[in-house]
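# Chains, contacts and geometry: an overview
Here's the letter readout for the chains.
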Amino acid sequence: MPTRSAAPVSVPMPRIPRQRRSPEDVAAAAPVEGPKRVLLAAPRGYCAGVDRAVIAVEKALEHYGAPVYVRKQIVHNVHVVSELEARGAVFVEETDEVPEGALVVFSAHGVSPAVVQSAEDRNLRTIDATCPLVTKVHREAVRFARAGSQILLIGHEGHEEVEGTYGEAPEHTTIVNNPAEARTVQVEDPDKLIWLSQTTLSVDETMEIVTILRERFPNLQDPPSDDICYATSNRQAAIKKIAPEADLVLVVGSANSSNSVRLVEVALEYGARAAYRVDFADEIDEAWFEGVATVGLTSGASVPEVLIGDVLRLLSEYGFGEAEEVVTAEEDILFSLPKELRAKLKEAGDDSRGLGGRVKQG
């Protein structure tokens, strides 16, 4: 009787903690006079859109069973993706990797109409976990394109969110990546021109680009409301307040998380002596602590609080005292789960609805 070969299984590589220098050796290399402290940014970590998207995958696994396919990373965080994979989520790059008729979740960053059509062509069942704030920008793009306006989309070409927004009106949209491109971009009619932006950009850089564009095109129209999401703005505001006092700023977040990368840049721009981004506490180089009296700590909008806890424990081992929370805003935004999932939950008697901003940090 022939034996059946088992399906290939992806086994993640175990994380091996790095060999560390002792706290005593670090202290001897560059002594610090007086107490060592941690300034902990608030708000930080999960925003309502990320919370909604992650719970959407968890609920889909709970009510539909594994596998649940997810196009792209549901949010840009290595830890979150790994945890969901362990529960049965399968992450793919494009819908043509999903078996016909299967269930696929669209990530929080949004998708273009072409991706939606591709899923329909393959008879896929879909759950759209696009952040409502990204959906707002998509709708703006459609509306202004229909009105005949040219759209200058400020964002990073190749980022999933930018690809999705651009895909709503490609004939009417030009991507502006940076200030240099703002100085050279060409437009057809400077009197029918509007700018939109990726939601996770640096507030300061975005306004620098807008200022350059407006100098060239005085009739440039603003979007009807701020496109940069509240969570991105709030996290940047918190680190701006902390940075001038910090010898070192640590940002927990993944390399493909635009808002996490921006937090490092903002910290340096606003006075931090040094700033680094890490995914996990064991990536922190203890040499960074040499001569450091004050550490600023924050995390990107797709980072679960457990990872901040790991960093705080490490800092404690190296003599940093209890964290002092620096609060610059209170977040109480709630988003409902995707409509495709709500019907399934209602049928199952699961009353999950509002998500995000429910638990105060501290």
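Below is a short write-up of the structure. (Residues numbered from 1 in each chain as written. Predicted model: local features only at pLDDT ≥ 70, side-chain atom pairs only at ≥ 80, totals over all residues. Heavy atoms only, no water.)

## Concerning helix α11 (residues 305–317)
Over its 13 residues, α11 extends 19 Å from the first C-alpha to the last, a length consistent with the 18 Å expected when each residue adds 1.5 Å. Regarding α11, the residues found buried are Leu307, Ile308, Gly309, Val311, Leu314 and Leu315. Looking at the buried side of α11, the elements it contacts are β1 (37–42), α3 (78–87), β9 (248–252) and β11 (294–299). Just past α11, the residue glycine 319 takes up positive phi, approximately 90 degrees. (Helix = DSSP H or I, 4+ residues; strand = E, 2+ residues; numbered from the N terminus. Expected span 1.5 Å × (residues − 1). Buried < 20%, exposed > 50% of the residue type's maximum accessible area, 1.4 Å probe, protein only. Contact = heavy atoms within 4.5 Å.)

## Some thoughts on empty space enclosed by the protein
Sizing a probe to match a water molecule and rolling it over the atoms shows the empty space that remains. Enumeration according to the criterion identifies two cavities of 30 Å³ or more in this entry. There is about 270 Å³ of room inside the largest cavity. Elements with a contribution of two residues or more to the lining of the largest cavity: α2 (48–64), α5 (132–146), α9 (230–242) and α10 (258–269). The space that makes up the second largest cavity amounts to roughly 40 Å³. Broken down by element, the residue count for the lining of the second largest cavity peaks at three residues, all from helix α8 (residues 203–216). (1 Å grid on protein atoms, 1.4 Å probe; cavity = no way out; pocket = protein on both sides within 12 Å on 5 of 7 lines; lining within 4 Å. Points joined across faces, edges and corners; volume = space filled by probe spheres on them.)

## Thoughts on the pattern of salt bridges
By the definition in use, this model includes 21 salt bridges. In this structure, lysine 59 and glutamate 62 form a salt bridge, with 3.8 Å as the shortest nitrogen-oxygen distance. Note that lysine 59 and glutamate 62 are positioned in helix α2 at a spacing of three residues, about one turn of the helix. What makes glutamate 62 exposed here is its relative accessible area of 52%. Taking the shortest distance from any N to any O, the salt bridge between aspartate 227 and lysine 136 comes out at 3.0 Å. (Salt bridge = Lys/Arg side-chain N within 4 Å of Asp/Glu carboxyl O.)

## Points about the packing of aromatic side chains
A full pass over the atoms with the stated rule returns three aromatic pairs. Judged by centre distance (5.6 Å) and plane angle (65 degrees), the rings of phenylalanine 289 and phenylalanine 320 are edge-to-face. Of this pair, phenylalanine 289 sits in the loop between β10 (275–278) and β11 while phenylalanine 320 sits in the loop between α11 and β12 (324–327); the two residues are 31 residues apart in sequence, bridging distant segments of the chain. Classification of phenylalanine 289 by relative accessible area gives buried; the value is 2%. Overall, the relative accessible area of 3% leaves phenylalanine 320 in the buried class. Every member of this aromatic cluster is reached through a ring pair, and the members are Phe289, Tyr318 and Phe320. When the ring centre of phenylalanine 320 is taken as origin, the NZ or CZ atom of lysine 36, which lies over that ring, is 4.6 Å away. In this arrangement the basic side chain of lysine 344 is found over the ring face of tyrosine 64, its NZ or CZ atom lying 5.0 Å from the centre. (Phe/Tyr/Trp six-rings, centres within 6.5 Å; stacked < 30°, edge-to-face > 60°. Lys NZ or Arg CZ within 6 Å of the ring centre and 35° of its normal.)

## Section: the layout of surface pockets
Approximately 350 Å³ is the volume attributed to the second largest pocket. In this structure, the second largest pocket is lined by 19 residues; those nearest its centre are Val111, Val116, Asp128, His138 and Glu168. Elements with a contribution of two residues or more to the lining of the second largest pocket: α4 (113–121), β5 (125–128), α5 and α12 (339–348).

## Here's the deal with the nonpolar core
If you look at soluble globular proteins, the nonpolar side chains tend to sit buried side by side. In this structure, Val57, Ile74, Val75 and Val105 are the most contacted members of the largest nonpolar core, which totals 29 residues. Elements with a contribution of two residues or more to this core: α2, β2 (68–71), α3, β3 (89–92), β4 (103–106) and α12. With eight residues, the top contributor of residues to this core is α2. For isoleucine 74, the contacting residues outside a window of four places in its chain are Ala53, Val54, Val57, Val80, Leu84, Phe91, Val105, Phe106, Ser107, Ala108, His109 and Ala129. Membership of the second largest hydrophobic core comes to 24 residues, among which are Val26, Val292, Ile308 and Leu315. (Core = buried A, V, L, I, M, F, W, Y, C linked by side-chain atoms within 4.5 Å.)

## Some thoughts on the packing of α9 against α10
Relative orientation of the contacting elements α9 and α10 amounts to 25 degrees, with a least axis distance of 9 Å. Classified by the angle between their axes, α9 and α10 sit roughly parallel to one another. As for how α9 packs across α10, the hand of that crossing is right-handed. Listed contacts from α10 to Thr232, Arg235, Gln236, Ile239 and Lys240 of α9 are Asn259, Arg262, Leu263, Val266 and Ala267. Considering only residue class, the contact of α9 with α10 consists of four nonpolar, three polar and three charged. (Axes fitted to C-alpha atoms, helices over the stretch in contact; angles between N-to-C directions. Parallel < 35°, antiparallel > 145°, perpendicular 65-115°, else oblique. Left-handed = near helix turned anticlockwise from the far one by under 90°. Nonpolar A, V, L, I, M, F, W, Y, C, P; charged D, E, K, R; others polar.)

## Structural notes on the side chain of asparagine 77
Within the secondary structure, asparagine 77 is located in the loop between β2 and α3. Within polar-contact distance, the side chain of asparagine 77 engages the backbone nitrogen of histidine 79 at 3.1 Å. Dropping the residues within four chain positions of it, asparagine 77 is found in contact with Ser254, Asp279, Ser302, Val303, Pro304 and Leu307. (Polar contact = N/O pair within 3.5 Å; in protein donor to acceptor, adjacent residues only side chain to side chain.)

## Digging into the sheet that holds β5
The strand order across the open sheet built from four strands is β3-β2-β4-β5, with neighbouring strands paired in parallel fashion. Strand pairing shows two members of the sheet lacking a second neighbour, β3 and β5, which therefore form its edges. Strand after strand, the sheet turns through a mean of 30 degrees between neighbouring axes, direction not considered. (Pairing = 2+ DSSP bridges.)

## Observations concerning unusual backbone geometry
Look at the link from alanine 42 to proline 43: it is a cis peptide, with omega at 10 degrees. You can see proline 43 is positioned in the loop between β1 and α2. At lysine 72, a residue that is not glycine, the phi angle is positive and equals roughly 65 degrees. Mapping lysine 72 onto the fold places it in the loop between β2 and α3. Although it is not a glycine, asparagine 123 sits at a positive phi angle of roughly 60 degrees. For asparagine 123, the location among the structural elements is in the loop between α4 and β5. The exposed category is assigned to asparagine 123, whose relative accessible area is 56%.

Purely geometric stuff here, so don't read any function into it on its own.
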